[in-house]
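A structural walkthrough
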Amino acid sequence: ALDVALPVFFPMEGERPVDDCVGLLLGRERYRAELRSEPGTFFVTSGWSLSWRKMLTPELCGTDPALLRRIFSGYQRLLLIVTPAMSETDMRRNTADLAALLGLSVESCSGTLVVLERALRDAAESLARCG
């Protein structure tokens, strides 16, 4: 086994690491507010909008669409988190089949890349000091 010391960097919101990619793009408070407004929310990032077909494969969900609908039965809406990474139009086009298959409404909100950009900048500065 190769023993290599590599630093690990976490995107931070204030003094706490973000919980996941949704928290990264919305921030903790907006994330909670969206969940309070509609607990059955399936959050969709640009990456999810591109990759859902690869992730929800027949191996995972079977070939029967009814099984996929059952897995997602607690959801009411897809919430597209729009950032400069992808336009809302492209995100809607990418997820139209998923929304139709699951019978979910599609809404959108604006996300931000500020926390991600800060994390990348901090990591690059830290690595530059080590190098």
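Our structure's up above, just so we're on the same page.
To start, this report covers the structure provided alongside it. All values derive from a computational prediction rather than experimental measurement. Note that residues are indexed from 1 along each chain, following the sequence as it is written. Note on the predicted model: pLDDT of at least 70 is required for a residue's local features to be given, and 80 or more for side-chain atom pairs to be given and counted; whole-chain, interface and lining totals, by contrast, use all residues. No hydrogens and no water enter the side-chain calculation; it runs on all heavy atoms of the structure.

**As for the overall build of the chain**
Each helix is a run of H or I in the DSSP string that is no shorter than four residues. Each strand is a run of E no shorter than two, and both are numbered from the N terminus. Counting secondary structure elements, the chain contains seven helices and five strands. Along the chain direction, N to C, the helices and strands of the chain fall in the order β-β-α-α-β-α-α-α-β-α-β-α. Against the globule reference of 14 Å for 131 residues, the chain gives a C-alpha radius of gyration of 18 Å, more extended than a compact globule. Once the C-alpha set of the chain is aligned to its principal axes, its extents read approximately 55 × 40 × 25 Å. Any pair of residues with heavy atoms lying within 4.5 Å of one another is described as a contacting pair. Pairs at least 24 apart in sequence give 68% of the contacts found in the chain among residues at least 6 apart. With an accessible surface of roughly 8300 Å², the chain has 56% of that area assigned to carbon and sulfur atoms. The globule rule used here is 2.2 Å times the number of residues to the 0.38 power, and the radius of gyration it is set against is calculated over C-alpha atoms. Where accessible areas are quoted, they stem from the Shrake-Rupley method and a 1.4 Å probe; at the residue level, only the protein chains shown are allowed to cover.

**Some remarks on helix 6 (residues 88-102)**
In this scheme, a helix's expected span is set at 1.5 Å multiplied by one less than its residue total. With 15 residues, helix 6 ought to run about 21 Å at 1.5 Å a step, and its terminal C-alpha atoms sit 20 Å apart, in line with that. Maximal helix bending in helix 6 amounts to about 50°, located at Thr95. Where the residues of helix 6 are buried, they touch strand 3 (41-44), helix 3 (46-55), helix 5 (65-71), strand 4 (77-82) and strand 5 (105-110). Two residues or fewer after helix 6 comes Gly103, characterised by a positive phi angle close to 70°. Note on bend: at a given residue it equals the angle between the axes fitted to the 7 residues ending there and to the 7 starting there.

**Describing the environment of Thr112**
When you line up the elements, Thr112 lands in the loop between strand 5 and helix 7 (114-130). Thr112 sits 30 residues away from Val82 along the chain, and the two C-alpha atoms are 8.1 Å apart. Non-local contacts of Thr112, meaning those with residues more than four positions away in its chain, are made with Leu24, Leu25 and Thr83. Here Val114 takes part through its backbone nitrogen, which lies 3.1 Å from a polar atom of the side chain of Thr112. Polar contact criterion, stated in full: a pair of N or O atoms within 3.5 Å, where within protein one must be able to donate a hydrogen and the other to accept it, and residues adjacent in sequence count only if both atoms are side-chain atoms.

**As for a nonpolar patch on the surface**
On the surface, a nonpolar cluster with roughly 370 Å² of combined accessible area is contributed by Leu2, Val4 and Leu6. Considering the arrangement of structural elements, one finds Val4 in the segment before strand 1 (12-13). Classification of residues uses two cut-offs on accessible area relative to the type maximum, computed with a 1.4 Å probe and protein chains only: under 20% is buried, over 50% is exposed, and between them is partly exposed. Among the residues examined, Val4 registers a relative accessible area of 47% and is labelled partly exposed. Only residues whose relative accessible area exceeds 30% and that take part in no salt bridge are eligible for patches, with like-charged residues grouped when within 9 Å of each other and nonpolar side chains (Val, Leu, Ile, Met, Phe, Trp, Tyr) grouped when within 5 Å. Salt bridge, as used here: a side-chain nitrogen of Lys or Arg that lies within 4 Å of a carboxyl oxygen of Asp or Glu.

**Considerations on the pairing of strand 4**
The buried count for strand 4 comes to six of six residues, which makes it a mostly enclosed element. The alternating pattern of strand 4 places Arg77, Leu79 and Ile81 on one face and Leu78, Leu80 and Val82 on the opposite face, and all of these are buried. Taken together, the four bridges between strand 3 and strand 4 define a ladder with parallel strand orientation. Opposite Val44, over in strand 4, you have Leu80 as the bridge partner. Across six bridges, strand 4 lies against strand 5 in parallel orientation. Within strand 5, the residue paired with Arg77 across the bridge is Ser105. Here the term right-handed applies to a crossover when the path leading from its first strand over the helix to its second strand runs clockwise, the strands being oriented away from the viewer. In this fold, the crossover linking strand 4 to strand 5 by way of helix 6 has right-handed handedness. In this description, strands pair whenever DSSP reports at least two bridges between them.

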